[in-house]
Structure formats: structure tokens, C-alpha cells
Amino acid sequence: MDLVEVTHRYYRAVDADDVQGVLDWFADDCVYHRPGYGPMHGQPAIAAFYGGERVIESGSHQLDQLLVDGASVSVRGVFTGRLKDGSQVQVGFADFIDYDGDGRARQRRSYFDTPTV
């Protein structure tokens, strides 16, 4: 399984506001840790976040580095976009993803270089 392509597929889905594509990327029993939010456990929590709770209106991710180590992937990049309050942002991020045997994200941790998103 090509975890580089699987990871790129997630960022393409989120940038396209493809909530179903994002949900398909996460495992059913996933946990997502993101600053400013409690841990999101399972598909219903992920659907609620990407379906409306997320403060980002639109934007795109530029991936500067993607490293694979077994079933774990580390990503460093920059997100550029617009928040729901209309403000423009450009923020560095790092994601750490653990995949299950089916190539679905079972755990993800995101970090940002600013508290805006």
C-alpha cells in the first residue's frame, strides 16, 4: 500500500471540501487530536468537525515534507486559506498519522505554528 498516495488523497479531499472523501480516509474507530478541540473519537465526531465545526471555510495545503516509517506518516507543510470569519490565514502545520492495515487513518495528531486554526 502506498501511504504517500493515501496521505495525498486526504489532503486533496479536504481541500476540495469532500467530507465523504475525508470520512473514507479515517478508520471507523479513529482518534483525531487537534489543538483547540477535544479528541475526536470515531466517524460521527469526524463528520461533525468536517461538516461544520471546523473554523476553516476554504483553502489548500502545500506539503513540504512527507515521511513514511512503517504504518506511520509525518507531514510538514503550509495551509493557506480563509476562515469562516472571513480572515485570510497562512499557517504552518505538522501532522502525524498512524494507519491501520487497510490504509485508513486510525490516529492523527495535528500541530500548528500559530493558534489561528
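Further up the page is the structure itself.
Parameters and conventions
- Residues numbered from 1 in each chain as written.
- Predicted model: local features only at pLDDT ≥ 70, side-chain atom pairs only at ≥ 80, totals over all residues.
- Heavy atoms only, no water.
- Patch = residues over 30% accessible without salt bridge, like charges linked within 9 Å, V, L, I, M, F, W, Y side chains within 5 Å.
- Areas by Shrake-Rupley, 256 points an atom, 1.4 Å probe, with all protein chains shown as cover.
- Salt bridge = Lys/Arg side-chain N within 4 Å of Asp/Glu carboxyl O.
- Lys, Arg positive; Asp, Glu negative; His and termini not counted.
- Charge placed at Lys NZ, Arg CZ, Asp CG, Glu CD.
- Helix = DSSP H or I, 4+ residues; strand = E, 2+ residues; numbered from the N terminus.
- Expected span 1.5 Å × (residues − 1).
- Buried < 20%, exposed > 50% of the residue type's maximum accessible area, 1.4 Å probe, protein only.
- Arc of directions from axis to C-beta.
- Phe/Tyr/Trp six-rings, centres within 6.5 Å; stacked < 30°, edge-to-face > 60°.
- Pairing = 2+ DSSP bridges.
- Contact = heavy atoms within 4.5 Å.
- Axes fitted to C-alpha atoms, helices over the stretch in contact; angles between N-to-C directions.

Student: Which residues make up a negative patch on the surface, and what are the values?
Tutor: A surface patch of negative charge is lined by Asp 17, Asp 18, Asp 24 and Glu 57. Residue position: Glu 57 is located in strand β3 (residues 56-69).

Student: An account of helix α3 (residues 42-53) is requested, with residue identities and associated values reported.
Tutor: Residues lying three or four places apart along an α-helix face the same way, a consequence of the helix completing one turn every 3.6 residues. In this model, α3 (twelve residues) spans 15 Å end to end at C-alpha, consistent with the 16 Å of a helix rising 1.5 Å per residue. Within α3 the residues assigned to the buried category are Gly 42, Gln 43, Ile 46, Phe 49 and Tyr 50. All buried residues of α3 lie within an arc of 130 degrees about the axis, which places them on one face of the element. Turned more than 90 degrees away from the buried face of α3 sit Pro 44 and Gly 51, all of them exposed.

Student: For the packing of aromatic side chains, give the residues involved together with the corresponding values.
Tutor: What the rule picks out here adds up to twelve aromatic pairs. In this structure an aromatic cluster arises from ring pairing among Tyr 10, Tyr 11, Trp 25, Phe 26, Tyr 32, Tyr 37, Phe 49, Tyr 50, Phe 93 and Tyr 99.

Student: Hey, could you go over the sheet that holds strand β1 (residues 26-33) for me, with residue numbers and the actual values?
Tutor: On the basis of which strands lie adjacent, the open sheet formed by six strands has the order β2-β1-β6-β5-β4-β3 and mixed pairing. Both outer strands of the open sheet, β2 (40-41) and β3, are each paired with one neighbouring strand and no more. On the sheet, helix α1 (residues 3-15) packs against β1, β3, β4 (72-83), β5 (88-99) and β6 (105-112) and is oriented at approximately 170 degrees with respect to β3. Here α3 sits on the sheet in contact with β1, β2 and β6, set at roughly 60 degrees to β1.

Student: I'd like to hear about the pattern of salt bridges, residue by residue, with values.
Tutor: Scanning the model with the defined rule gives three salt bridges in all. With a shortest N-O distance of 3.5 Å, Asp 28 and Arg 104 are connected by a salt bridge. Of this pair, Asp 28 sits in strand β1 while Arg 104 sits in the loop between β5 and β6; the two residues are 76 residues apart in sequence, bridging distant segments of the chain. On the accessibility criterion, Asp 28 (55% relative accessible area) is exposed. Judged by relative accessible area, which is 23%, Arg 104 ranks as partly exposed. Here Asp 95 makes a salt bridge to Arg 108, at a shortest N to O gap of 2.9 Å. In this pair, Asp 95 sits in strand β5 while Arg 108 sits in strand β6, placing the two residues 13 residues apart along the sequence.

Student: I'd like to hear about α1, residue by residue, with values.
Tutor: Taking 1.5 Å per residue, 13 residues should reach 18 Å; α1 reaches 18 Å between its end C-alpha atoms and fits that length. For α1, the full list of buried residues reads Leu 3, Val 6, Thr 7, Tyr 10, Tyr 11, Ala 13 and Val 14. Projected down its long axis, α1 shows its buried positions confined to an angular sector of 160 degrees, all on one face. Phi turns positive one or two residues past the end of α1, at Asp 17, with a value near 60 degrees.

Student: Break down the pairing of β1 for me, with residues and values.
Tutor: Counting buried residues along β1, six of its eight residues qualify, which places the element largely inside the surrounding structure. Sheet analysis places β1 next to β6, joined by four bridges and oriented parallel. When the bridges of β6 are listed, Tyr 32 appears paired with Arg 108. Following β1, the chain reverses through six residues before pairing antiparallel with β2; Gly 36 in that reversal takes a positive phi of roughly 90 degrees.

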